[in-house]
Amino acid sequence: MSQVLSLLETDSEPAAVSAPAPASRSAWVEIDVAQLRTNFRLIREDLPARVGLAPVVKDNAYGHGALTVARAAVEVGARFLAVNTLEEADELRRAGFRTPLLLLGERHPDELPACVAHGWRVCVGELAIARELSRLAVEAGRTVAVHLKLDTGMGRFGVRWDELAAALPELVGLPGLEWEGVSSHFAMSDEADKSFALLQLERYQASLQSLIEAGIRSRFQHLCNSGGVLDLAAAHFNLVRPGILALGVFPSRVCRRLPGIAPVMSVKARLVSVRRLQPGDPCGYGLRYHASTPRRIGIVPVGYGDGFPRLRNVGEVLVRGRRAPLIGSVAMDAFAVDLTDVPDAQLWDEVVLQGRQGGEEITAQDLARWKGSVSYDILAGWRARLPRVCVG
Ligand SMILES: *Cc1c(COP(=O)(O)O)cnc(C)c1O
């Protein structure tokens, strides 16, 4: 860690977008930068001016490229860029971003000197971390801006709302800290039933009141993820933390729709083999598929080694604007699709695994359903092995 974050490093120039040509491999992830900017503009326009943006670009912006997404966020005036780990913060710092960085995750004391040195805002959910930051601030003779993390019901991190009163005397007394923000996180913001979210909001408001009474007046109050941005205007306060929404994916089926928001990521490949199966012929590892009638199949050079879910005889891709079903088991590097109903399909044809082709679309939600997971997992799951290509 200390080597990675050496203070002797000089700021590097903003990194060039080095998009490998799709030709470098017959499979790639496409990032539509024009749509990304549109999404950010629409989110910005949907919010009152008093509500700032702290876009969440953790996990390489859910696989979209942290620098690409951070650039678009900065264009709409993001107040903070939010990440989870120090490595993620350091990538933005090295790229030259001047927007303050907000570290959402939990910290170990060993990580704090680098945070203080770089001015990264730690979200403090443990008193021990607050004490250590205070000690470092005093030692450095500076004030360190921190955000208090409250647990209002998620039950994972932060000072519990019903234990805040007991913690307040110590928090207030810690020298060298500026409580710049107070945060919490929704457990259920994007579902139709908002009762738990509203309970969390109530606890958050009561906690803010206690903090003010104890003399802690934060500049920023932030509670909303994408679900909250869309559906819980009463919880916007003056800062929101959208992640997935800026990428054009709605966090759930039932949350409010913002017209014009559309997915930024597509995953594409070329057919690397087109062949015939005779009745009774198997296809792929484990003989999980046998042709019942003569079939024409295509091989897609993408597998679970690329983050494609390890599906078996379920799922679809788009070829020539039509849906072709996946057959057999997904392997590390490849899977097979049935092209019998797409007779014009040919070797090297473009295949869409996620995204649009013609009038058809395969969404991250479709892939999530086939995998038995959520769209977040699908987006973030595409591995670095697939080159990222920026378009638009
Ligand atoms: C990941 C994360 C977000 C963003 O969530 P989305 O549902 O993608 O908008 C917001 N806040 C915190 C604390 C997070 O960890």
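Reading the values: rules and limits
- Residues numbered from 1 in each chain as written.
- Predicted model: local features only at pLDDT ≥ 70, side-chain atom pairs only at ≥ 80, totals over all residues.
- Heavy atoms only, no water.
- Helix = DSSP H or I, 4+ residues; strand = E, 2+ residues; numbered from the N terminus.
- Buried < 20%, exposed > 50% of the residue type's maximum accessible area, 1.4 Å probe, protein only.
- Contact = heavy atoms within 4.5 Å.
- Near = heavy atom within 4 Å.
- Polar contact = N/O pair within 3.5 Å; in protein donor to acceptor, adjacent residues only side chain to side chain.
- Areas by Shrake-Rupley, 256 points an atom, 1.4 Å probe, with all protein chains shown as cover.
- Nonpolar A, V, L, I, M, F, W, Y, C, P; charged D, E, K, R; others polar.
- Salt bridge = Lys/Arg side-chain N within 4 Å of Asp/Glu carboxyl O.
- Axes fitted to C-alpha atoms, helices over the stretch in contact; angles between N-to-C directions.
- Parallel < 35°, antiparallel > 145°, perpendicular 65-115°, else oblique.
- Left-handed = near helix turned anticlockwise from the far one by under 90°.
- Core = buried A, V, L, I, M, F, W, Y, C linked by side-chain atoms within 4.5 Å.
- Domains from an automatic or database assignment.

Draft legend 1. Up close: the overall build of the protein chain. In terms of helices and strands, the protein chain carries 11 helices and 19 strands. Viewed in the frame of its principal axes, the protein chain has a C-alpha envelope of about 80 × 50 × 40 Å. Within the span of the protein chain, comprising 392 residues, buried residues form 53% of the whole. Pairs at least 24 residues apart make up 67% of the contacts formed inside the protein chain by residues separated by at least 6 positions.

Draft legend 2. Looking closely at helix α4 (residues 86-94). When we look at burial in α4, the residues that qualify are L86, E88, A89, D90, L92 and R93. In this structure, the buried side of α4 is in contact with α2 (58-63), α3 (66-75), β3 (81-83), β4 (101-103) and α5 (112-118). Note on α4: the residue one or two positions beyond its end, G96, has a positive phi of about 95 degrees.

Draft legend 3. Structural view of the site of the ligand. Looking at the ligand, the residues that line it are V56, K58, Y62, L104, H185, N225, S226, R241, P242, G243, I244 and Y376. For the ligand, an oxygen atom lies 2.7 Å from a polar atom in the side chain of K58. Contact distances for the ligand include 2.6 Å between an oxygen atom and a side-chain N or O atom of Y62. In isolation the ligand has 390 Å² of accessible area, and contact with the protein removes 88% of it. Its residues assigned to classes, the shell around the ligand shows six nonpolar, four polar and two charged.

Draft legend 4. Seen up close, the pattern of salt bridges. Per the counting criterion, the structure on display carries 28 salt bridges. The partner of R323 in a salt bridge is E316, and the shortest N-O contact between them spans 2.7 Å. Taking relative accessible area as the criterion, R323 reaches 28% and is therefore assigned partly exposed. Linked through salt bridges whose partners overlap, the residues forming this network are E316, R323, E360, D366 and R369.

Draft legend 5. Main features of the packing of helix α1 (residues 33-46) against α3. Packing of α1 against α3 leaves a shortest axis separation of 9 Å and a crossing angle of 40 degrees. In terms of axis orientation, α1 runs oblique to α3. Judged by the twist between their axes, the crossing of α1 over α3 is right-handed. Mapping the contact onto sequence places V33, L36, R37 and F40 in α1 and T68, V69, A72, A73 and E75 in α3.

Draft legend 6. How the structure looks around the nonpolar core. F308, F335, L353 and W382 are the most contacted members of the largest nonpolar core, which has 120 residues in total. Here this core spans two domains, and each of domain 1 (33-247) and domain 2 (265-362) adds at least three residues to it. Here F308 is in contact with V302, G303, L326, V330, F335, L353, L367 and W382, once residues within four sequence places are set aside.

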